[in-house]
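Structural description and commentary
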Protein chains: 2
Amino acid sequence: MIQPFDDFYFMKKALQEAEFAFDKGEIPVGAVIVLNDKIIARAHNLTETLNDVTAHAEMQAFTAAADFLGGKYLKNCTLYVTLEPCQMCAGASYWTQIGRIVYGASEPERGFVNLKITLHPKTKVISGVLENKCSQILKRFFIQKRNLN
Amino acid sequence: MIQPFDDFYFMKKALQEAEFAFDKGEIPVGAVIVLNDKIIARAHNLTETLNDVTAHAEMQAFTAAADFLGGKYLKNCTLYVTLEPCQMCAGASYWTQIGRIVYGASEPERGFVNLKITLHPKTKVISGVLENKCSQILKRFFIQKRNLN
């Protein structure tokens, strides 16, 4: 049976968001939040544009999804994000009680896994979905940035 | 020598913000951010009003302070907050590179200390400033809430 709405499908949508960030000169991280196979929030990193370190893709996506739903909790939702969430975003995910977090590339230094951040007990985690594509866009960004400086 | 602008002075301002939250039916946590003895941001918890778990007092204060300064980093600033920051807010403080965090009441369960959240290496922490007042307003809130239900 063909399943068009799988984790790869939605990670590609998150990657599109990362491309939007890239085009704005932002570190290219993108996120979407999905409920019942429907995207209810899309966001990309805007920390430079907004002069705001809290404007990570995930944070904006949490806010947008809650706004869409009219409630604070995202229990039955999945966050797709191209890069492993940092401790701020993982901490925010705890408060949302989100059902699943699916991420692409790992972030060994500032990501929540190695920093041993506590997620909500109900949150399941899947890692490494389209990992190469998710890390390639970051590498491409930093190479371009280095060449410009 | 009289020092009107000490940690107690600014924590009282954060407590005023907590009172504003209380009056709105929000868990009463308040914050101010100070640079050179001047308050550059004031905020209180608005998670219920905004239907947004990311709307903690500290998060809004970080955004407002960066907006005021026109830059993302708060290196020479002090955050005064009535309750020990959670892992999300402590994680955000890492990205701001804030110089000092001064908090009032401890939060043994969801606070950053027991959860061993990494702050920025340049961030100094002072705890327990007006601790009783900061925890009293929380107790008063939850007693009132229990009596209403």
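Everything numeric here is computed off the predicted structure, so don't read it as measured data.

1. Regarding the side chain of histidine 44 of chain A
Residues and elements named next belong to chain A.
- Considering the arrangement of structural elements, one finds histidine 44 in strand β2 (residues 38-44).
- Side-chain polar atoms of histidine 44 contact the side chain of glutamate 17, separated by 2.8 Å.
- Every residue in contact with histidine 44, bar those within four places of it in the chain, is listed here: Glu17, Phe20, Ala21, Lys24, Val29, Gly30, Ala55, Ala57 and Gln60.

2. With respect to the environment of lysine 116 of chain A
Residues and elements named next belong to chain A.
- Along the polypeptide, lysine 116 turns up in the loop between β4 (100-105) and β5 (124-126).
- With relative accessibility at 66%, the residue lysine 116 sits in the exposed group.
- For lysine 116 and glutamine 144, which are 28 residues apart along the polypeptide, the C-alpha to C-alpha distance reads 32 Å.

3. Considering the interface of chain B and chain A
- Contacts between chain B and chain A engage 26 residues on the former and 26 residues on the latter.
- Interface area, chain B with chain A, both sides summed: about 2,400 Å², of which 60% is carbon and sulfur.
- When the area that chain B buries against chain A is broken down by residue, the three leading residues are Val53, Lys72 and Trp95 of chain B, summing to 28%.
- Summed over the shared surface of chain B and chain A, the number is 2 salt bridges.
- The residue lysine 72 of chain A makes a salt bridge to glutamate 48 of chain B at a minimum N-O spacing of 2.5 Å.
- Inspection of the region where chain B meets chain A yields 12 residue pairs in polar contact (both at pLDDT 80 or more).
- Taken together, the elements giving at least two residues each to the side of chain B that touches chain A come down to α2 (57-69) and α3 (87-96) of chain B.
- For the side of chain B that touches chain A, the element with the most residues is α3 of chain B, which contributes 7 residues.

4. A closer look at the UniProt feature "domain: CMP/dCMP-type deaminase" (unreviewed entry) in chain A
- As recorded in UniProt, the feature "domain: CMP/dCMP-type deaminase" (unreviewed entry) lies at residues 5-114 of chain A.
- What you have in residues 5-114 of chain A is 36% helix and 23% strand, and the ends, taken at the C-alpha atoms, are 30 Å apart.

5. Points about unusual backbone geometry
- Look at aspartate 37 of chain A: it is not a glycine, yet its phi comes out positive at around 65°.
- When you line up the elements, aspartate 37 of chain A lands in the loop between β1 (30-35) and β2.

6. Observations regarding the pattern of salt bridges
Residue and element names in this part refer to chain B.
- Summed over all chains, the structure comprises 6 salt bridges over all chains.
- A salt bridge links glutamate 19 to arginine 140; the nearest nitrogen and oxygen atoms lie 2.9 Å apart. Here glutamate 19 is found in helix α1 (residues 7-23), whereas its partner arginine 140 is found in helix α4 (residues 131-148), with 121 residues between them in sequence.
- We classify glutamate 19 as partly exposed; its relative accessible area is 31%.

7. Here's the deal with the side chain of threonine 123 of chain B
Residue and element names in this part refer to chain B.
- Its place among the elements puts threonine 123 in the loop between β4 (100-105) and β5 (124-126).
- For threonine 123, a relative accessible area of 11% puts it in the buried group.
- Within the structure, threonine 123 has its side chain in polar contact with the backbone oxygen of isoleucine 98 (distance 2.7 Å).
- Setting aside anything within four residues of it in sequence, one finds threonine 123 in contact with Gln97, Ile98, Gly99, Arg100 and Ile101.

8. Description of the sheet that holds strand β3 (residues 78-83) of chain B
Residue and element names in this part refer to chain B.
- Across the sheet, which stays open at both edges, the 5 strands sit in the order β2-β1-β3-β4-β5 with mixed pairing between neighbours. At either end of the open sheet lies a strand with only one pairing partner, and these are β2 (38-44) and β5. Ignoring which end each strand starts from, the neighbouring axes of this sheet average 15° apart.
- The pairing of β3 with β4 spans 5 bridges and is classified as parallel. By the bridge assignment, leucine 79 is partnered in β4 with isoleucine 101.
- Across the face of the sheet, α1 comes into contact with β1 (30-35), β2, β3 and β4 while running at roughly 145° to β1.
- Running over the sheet, α2 touches β1, β2 and β3 and is turned about 145° from β2.

Definitions and cut-offs
Residues numbered from 1 in each chain as written. Chains lettered and ligands numbered in written order. Predicted model: local features only at pLDDT ≥ 70, side-chain atom pairs only at ≥ 80, totals over all residues. Heavy atoms only, no water. Helix = DSSP H or I, 4+ residues; strand = E, 2+ residues; numbered from the N terminus. Polar contact = N/O pair within 3.5 Å; in protein donor to acceptor, adjacent residues only side chain to side chain. Contact = heavy atoms within 4.5 Å. Buried < 20%, exposed > 50% of the residue type's maximum accessible area, 1.4 Å probe, protein only. Buried area = accessible area lost by both parts, 1.4 Å probe. Salt bridge = Lys/Arg side-chain N within 4 Å of Asp/Glu carboxyl O. UniProt positions renumbered as here; feature names shortened; annotations may be inferred. Pairing = 2+ DSSP bridges. Axes fitted to C-alpha atoms, helices over the stretch in contact; angles between N-to-C directions.

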